[in-house]
Amino acid sequence: MINRRHGFFQREKETRSKEKREAYLKERLSEILHQGYQHSKAIHSMFEKAGFMPDAVKELKDLEKLPITKKADLVNAQRENPPFGGFEIVSEVGVRRVYVSPGPVFEPGEWDYEDIRWAQALFAGGIRAGDVVINTFNYHVTPLAIMLDESLRMLEATVIPVGPGNISMQINLMRQLQVTGYLGTPSFLMSIVDAAEGMRLDPKTDLHLKAAFVGAEMFPESLRQRLEGRLEIFIRQAYGTVDVGCLGYECPEKNGMHISEDVIVEIVDTETGKQLEIGATGEIVATNFSKVFPMIRFATGDLSYLIKDPCPCGRTSMRLGKILGRTDQVTKVWGIFIHPWQVDEVMARFPEVLNYQIVVTRKEYRDQMTMYIELKEGITDQPGLKRRVEREMEEVLKVKGQVEFVQKGGIPDRAKKIDDRRIWE
Ligand SMILES: [Zn+2]
């Protein structure tokens, strides 16, 4: 039976020392690798191919000996070996649900949901026992809404399983049931606030919200400020994927996302799969301890970095910084990888700039990189600025490029940050 509050109010888990956390994770890792070797065909064959046994993975650093699994590997494995690709560990009670996520990837749902990671995230986001929460994530097909629903039960909060859609109904429910918590995407929350104002309501007083927990979308700071201002509430986000669950969550300090307790998160070089030093940007790779569908070194395709400074909230886990983009948005110029987040990093140094885009072309078998820039009104020193931007580009991107200025509106909305127009023939 599931113990409600199972492990959840164990604050000592979130505040233990680095050594204790490492020892705990090593133990859980060894457990899941042994179990996987015995009961999961995919994990068994991973070890067979690597030519060693789970005992060879002693330290967290030893994870590097194991291969990375990408989403495409999972999709292919499931095609060859349906429905779960041999990754599953199915117990005697069987599978309670089968989730389908984009790919498509089929995922078995455990009979008793005991994963405390989303509950920890909700708690850090201000949701408490006794809260009445609307869960506007989609309850169909994919697992997130149901996992959050189960997690609210662990917290002893009441859930209204509304799912997305029908905004005026949502607003009426929020008022009639005195809803104190919102779960959903930030953009849907914005739609609710807009619609409430359209109904001549004041979202601050006519709704009773205290906290909103958002995810599944990028959540820029500007949007948080607008929403927090219009609602006068606390809005926190978490990060995870359908394949590996919750990986990080914001605390009241909102200075990055604390890595969840029952998971191992690595930041790796996308090319080699080796772990990078703390602070360096790389791909988020996760190993979870799911009893039915364990993922070992699953590549999320998202880029971020680790922060190890202590957090004033008292949680001692390392934190993930911002999600900086996707690994597949990378472009190779002169043999050097350029990511959109690096371009943002360069341009953040120039407040004169309103909008920008890099275009990569190829002339006589040579790559050419041009940064198109739209300036804010009233900026006059173009030649000086051109030189400074070119210098910074070379320093950060390690590739030489040209700067060209465009007229107002010269860069289309939603333009790709790096537009690769090379034709290979
Ligand atoms: Zn914190």
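Enquirer: I'd like a rundown of the pattern of salt bridges, residues and numbers included.
Expert: In this structure the tally under the stated criterion is 32 salt bridges. Asp262 is paired through a salt bridge with Arg28; the nearest N and O atoms lie 3.6 Å apart. Of the two residues, Asp262 is situated in the loop between strand 9 (257-259) and strand 10 (263-268) and Arg28 in helix 2 (residues 18-39); the sequence distance between them amounts to 234 residues. Glu266 is paired through a salt bridge with Arg297; the nearest N and O atoms lie 3.0 Å apart. Of this pair, Glu266 sits in strand 10 while Arg297 sits in the loop between strand 11 (282-288) and strand 12 (298-304); the two residues are 31 residues apart in sequence, bridging distant segments of the chain. Residue Glu266 shares its accessibility class with Arg297, and that shared class is buried. One network of salt bridges, in which partners are shared, links Glu221, Arg224, Glu228, Arg236, Glu250 and Lys254.

Enquirer: Before we move on, can you summarise helix 7 (residues 167-176) with the specific residues and values?
Expert: Among the residues making up helix 7, those that are buried are Gln170, Ile171, Leu173 and Met174. The buried residues of helix 7 occupy an angular sector of 160 degrees when the element is viewed end-on, so they sit on one face. Lining the buried residues of helix 7 we find strand 3 (132-135), strand 4 (158-160) and helix 8 (186-198). Once helix 7 finishes, Gln178 follows within two positions and takes phi at roughly 50 degrees, a positive value.

Enquirer: Requested: an account of the sheet that holds strand 12, with residues and values cited.
Expert: Sheet architecture is open: 4 strands sit in the order 10-11-12-15, paired in antiparallel fashion. Sheet topology places strand 10 and strand 15 (325-326) at the edges, where each strand pairs with a single neighbour. Of the pairings in the sheet, the one linking strand 10 to strand 11 comprises 6 bridges and is antiparallel in character. The residue bridging Val268 from the neighbouring strand is Glu283, located in strand 11.

Enquirer: Describe the sheet that holds strand 19 (residues 366-375), and please don't skip the residues or the numbers.
Expert: Read from one edge of the open sheet, 4 strands run 20-19-18-21, paired in mixed fashion. Edge positions in the sheet fall to strand 20 (402-405) and strand 21 (418-420), since each has one partner strand and no second. On average, adjacent strands in this sheet sit at an angle of 25 degrees to one another, irrespective of strand direction. Relative to strand 20, strand 19 runs parallel, the two sharing 4 bridges. Bridge pairing in strand 20 places Met371 opposite Val403. Sheet strands in contact with helix 10 (residues 340-347) are strand 18 (353-363), strand 19 and strand 21, and its direction is about 130 degrees off that of strand 18.

Enquirer: Give me helix 9 (residues 221-231): which residues, what numbers.
Expert: Of the residues making up helix 9, those classed as buried are Leu223, Arg224, Leu227, Glu228 and Leu231. The arc that holds every buried residue of helix 9, seen down its axis, measures 125 degrees, which confines them to one face. What points out from helix 9, more than 90 degrees from its buried face, is the exposed set Gln225 and Arg226. Residues of helix 9 that are buried make contact with helix 8 and strand 7 (234-241). Glu232 sits one or two positions beyond helix 9 and adopts a positive phi of about 50 degrees.

Enquirer: Tell me what's going on with the coordination of the zinc ion, and back it up with residues and numbers.
Expert: The coordination sphere of the zinc ion, as far as protein atoms go, consists of Cys251 (SG), His258 (NE2), Cys311 (SG) and Cys313 (SG), spread over 2.1 to 2.3 Å. Bound by 4 donor atoms, the zinc ion shows angles of 104 to 114 degrees at the metal and therefore tetrahedral coordination geometry. Positions of the donor residues of the zinc ion, expressed as sequence spacing, correspond to C-x6-H-x52-C-x1-C. Taken as a pair, Cys311 and Cys313 share a single burial class, namely buried.

Enquirer: Describe the packing of helix 7 against helix 8, and please don't skip the residues or the numbers.
Expert: Where helix 7 contacts helix 8, the two axes come as close as 10 Å, and the packing angle between them is 80 degrees. Between helix 7 and helix 8, the interaxial angle falls into the category roughly perpendicular. Seen from helix 7, the contacting residues are Ile167, Gln170, Ile171 and Met174; seen from helix 8, they are Phe188, Ser191, Ile192, Ala195 and Ala196. Of the residues contributing to the contact of helix 7 with helix 8, the split by class is 7 nonpolar, 2 polar and no charged.

Enquirer: An account of unusual backbone geometry is needed here, citing residue identities and associated values.
Expert: Residue Pro83 is reached from Pro82 by a cis peptide bond, and omega for that bond is -5 degrees. Within the element layout of this structure, Pro83 appears in the loop between helix 4 (71-80) and strand 1 (97-101). The omega torsion across Gly103 and Pro104 is -5 degrees, close enough to zero to call that bond cis. Backbone geometry at Arg297 places phi at a positive 50 degrees, although glycine is not the residue there. On the basis of relative accessibility, which here comes to 1%, the residue Arg297 falls in the buried class. One non-glycine residue with positive phi stands out, namely Trp334, at about 55 degrees.

Enquirer: Quick one: what's the story with the pairing of strand 12, residue by residue and with numbers?
Expert: With respect to burial, strand 12 is a largely interior element, 7 of its 7 residues being buried. Inspection of the sheet shows strand 11 paired to strand 12 by 4 bridges, in the antiparallel sense. Bridge pairing links Gly282 to Ser304 in strand 12. For strand 12 and strand 15, the ladder comprises 2 bridges, and the chain directions are antiparallel. If you follow Asp302 over to strand 15, its bridge partner there is Arg326.

Enquirer: Account for the nonpolar core, with residues named and values stated.
Expert: Grouped together as the largest cluster of nonpolar side chains are 28 residues, with contacts concentrated most on Trp118, Leu122, Ile127, Leu148, Leu152, Leu183 and Phe213. Breaking this core down by element, the ones donating at least two residues are helix 5 (117-124), helix 6 (144-155), strand 6 (211-214) and strand 8 (245-249). If one sorts the elements of this core by residue count, helix 6 sits on top with 8 residues. Ignoring any residue separated from it by four or fewer positions in sequence, one finds Leu183 in contact with Leu122, Ile127, Val133, Ile134, Asn135, Thr136, Phe137, Leu148, Leu152 and Phe213. Residues Leu173, Leu189, Leu209 and Ile233 belong to the second largest nonpolar core, which totals 26 residues.

Scoring rules and cut-offs
Residues numbered from 1 in each chain as written. Predicted model: local features only at pLDDT ≥ 70, side-chain atom pairs only at ≥ 80, totals over all residues. Heavy atoms only, no water. Salt bridge = Lys/Arg side-chain N within 4 Å of Asp/Glu carboxyl O. Helix = DSSP H or I, 4+ residues; strand = E, 2+ residues; numbered from the N terminus. Buried < 20%, exposed > 50% of the residue type's maximum accessible area, 1.4 Å probe, protein only. Arc of directions from axis to C-beta. Contact = heavy atoms within 4.5 Å. Pairing = 2+ DSSP bridges. Axes fitted to C-alpha atoms, helices over the stretch in contact; angles between N-to-C directions. Donors = N, O, S within 2.8 Å, 3.2 Å for Na, K, Ca; no water. Tetrahedral: all angles 85-135°; square planar, octahedral: opposite > 155°, others 65-115°. Parallel < 35°, antiparallel > 145°, perpendicular 65-115°, else oblique. Nonpolar A, V, L, I, M, F, W, Y, C, P; charged D, E, K, R; others polar. Core = buried A, V, L, I, M, F, W, Y, C linked by side-chain atoms within 4.5 Å.

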